[in-house]
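Fold and contact review
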Amino acid sequence: MDRVDVTIIGGGPVGLFGAFYAGMRGMSVRIIDSLPALGGQLTALYPEKYVYDMPGFPEVLAKDLAREMAEQAMRFDPAIVLNETASAITKDDDGWTIQGSSGESYPTRTVIVSAGPGAFSPTKLGVDNEEDFVDKGLAYGVMDKEAYRDKRVIVVGGGDSAFDWALNLHPIAKSIKLVHRRDVFRAHEETIKAVRETDVEFCLFETVVELHGDGRLDAITVENSKSEETKRYDCDAVTVNLGFKSSLGPLEEWGMEIVKRQIKVDGMYQTSLPGVFAVGDVCTFDNKIKLIATGVGEVTTAVCVAKRLIDPSARLFPGHSSDMKQFQ
């Protein structure tokens, strides 16, 4: 592999904007991501959810935002490495060499870690034969709304995602049941109110204990935590929204200072390793706010500082894009 100016770990929205901005500054870029596609959580976890707090978009589907940011990043032809985990990092005379889980090595002058919350996996129901029904009527979240049209849907969970999907699927599903182990919810009050105003059936104090079906899920059994009675619900689809577990994985072994499973950075988003930066949800500092909007600002600063590390004669602030020759 050729040595690049900056390697970005993570192809989510913040990493993608970092790739664009580094290209704008004339830097060679490589993106490494463990997922099979760019977009991070926008495409992997909630592609059909609307995002409302991105500048320039009154509302935009997560998958559409990811597509637009990927197109923007591709303007300067960064190298893209997917299905690859950045397992280890070693210092060398010209910067760093990242070892991938595939066995490949990726030499780079600087590194920007933009890995979101880290590697994530859905919290599962924890029942027997659960794996047998994944993508056969059972899903974690919603990847395609149309897959639920005219179906009897059961939404499991009591947080924002569960209520968001109950509300969003209500117009197209044949029926919706919301199964939750308590009668207290973690969702926004306005969303809870909106769902209660529909005919979504609330199944409270109930936990899924069995899944039924011959090759495809067609029913579940729930247990009431108060009465201990069981009940069977016929269904066509179940979407589980119990949250996701995240881990920094191999990043914890890189030697960076870690605070509460996040990478500590200074005011320039530099980690305790020289030439290695961390931005977005993966990093921590005083008064940290976790938003895509703030993350793109963080990665812009990190790119500019990395540029000066590589070329001390470069200006920290390159000027406005509207005045640059490459955009004329």
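Calculation rules
- Residues numbered from 1 in each chain as written.
- Predicted model: local features only at pLDDT ≥ 70, side-chain atom pairs only at ≥ 80, totals over all residues.
- Heavy atoms only, no water.
- Helix = DSSP H or I, 4+ residues; strand = E, 2+ residues; numbered from the N terminus.
- Expected span 1.5 Å × (residues − 1).
- Buried < 20%, exposed > 50% of the residue type's maximum accessible area, 1.4 Å probe, protein only.
- Contact = heavy atoms within 4.5 Å.
- Pairing = 2+ DSSP bridges.
- Axes fitted to C-alpha atoms, helices over the stretch in contact; angles between N-to-C directions.
- Parallel < 35°, antiparallel > 145°, perpendicular 65-115°, else oblique.
- Left-handed = near helix turned anticlockwise from the far one by under 90°.
- Right-handed = clockwise from strand over helix to strand, strands pointing away.
- Disulfide = S-S within 2.5 Å.

This part is about helix α6 (residues 292–310). For α6, with 19 residues, the first-to-last C-alpha span of 27 Å sits near the 27 Å given by 1.5 Å per residue. Those residues of α6 not exposed but buried are I292, G295, V296, E298, V299, T300, A302, V303, C304, V305, A306 and K307. Those residues of α6 that are buried lie in contact with α1 (13–24), α2 (41–44), α3 (62–73), β8 (105–113), β21 (276–278) and β22 (283–284).

Taking strand neighbours across the sheet as the criterion, the five strands line up as β10-β17-β11-β12-β13 in an open arrangement whose pairing is parallel. In the strand order of this sheet, the two ends are held by β10 (138–140) and β13 (201–204), each with one partner. For this sheet, the mean angle separating the axes of adjacent strands, direction not counted, is 20°. Alignment of strand β11 (residues 152–156) against strand β12 (residues 175–180), held across five bridges, turns out to be parallel. Bridging across to β12, V153 finds its partner in I176.

Turning our attention to the sheet that holds strand β14 (residues 206–213). One open sheet accounts for three strands, arranged β14-β15-β16; its pairing is antiparallel. Both edges of this open sheet fall to β14 and β16 (230–234), since each of them pairs with a single strand only. Adjacent strand axes in the sheet meet at a mean angle of 25° when their direction is disregarded. Both β14 and strand β15 (residues 217–224) contribute to a ladder of seven bridges, which runs antiparallel. The residue bridging V208 from the neighbouring strand is V222, located in β15.

Before going further, it helps to spend a moment on the packing of helix α4 (residues 160–169) against helix α5 (residues 189–196). Geometrically, a packed helix pair is captured by the angle between its two axes and the distance between the axes. Packing of α4 against α5 leaves a shortest axis separation of 9 Å and a crossing angle of 40°. By the criterion of interaxial angle, the relationship of α4 to α5 is oblique. Classified by chirality, the crossing of α5 by α4 is left-handed. Along its contact with α4, which presents F163, D164, A166 and L167, the element α5 presents T191, I192, A194 and V195.

This part takes up the environment of P274. Residue placement: P274 occurs in the loop between β20 (262–264) and β21. Sequence spacing of P274 and L309 is 35 residues, and the spatial spacing of their C-alpha atoms is 9.7 Å. For P274, the contacting residues outside a window of four places in its chain are K91 and W96.

So, about the pairing of β12. Among the six residues in β12, five count as buried, and that is most of the element. For the segment spanning β11, α4 and β12, crossover handedness is right-handed. Relative to β13, β12 is paired through four bridges, and the arrangement is parallel. Note that in β13 the partner of V179 across the bridge is C203.

Attention now goes to the pairing of strand β2 (residues 29–32). Here β2 shows two buried faces, one formed by V29 and I31 and the other by R30 and I32. Pairing between strand β1 (residues 4–9) and β2: four bridges, direction parallel. The partner of T7 across the bridge, within β2, is R30. A crossover links β1 with its parallel partner β2, the connecting element being α1, and its sense is right-handed. Bridge count for β2 against strand β5 (residues 79–81) is three bridges, and the pairing is parallel. Of the residues in β5, the one forming a bridge with R30 is A79.

Attention now goes to the state of the cysteines. Taken as a whole and assessed by the stated rule, the structure comprises zero disulfides. C235 provides the cysteine sulfur closest to C203, a residue in no disulfide bond, and the two sulfurs are 11 Å apart.

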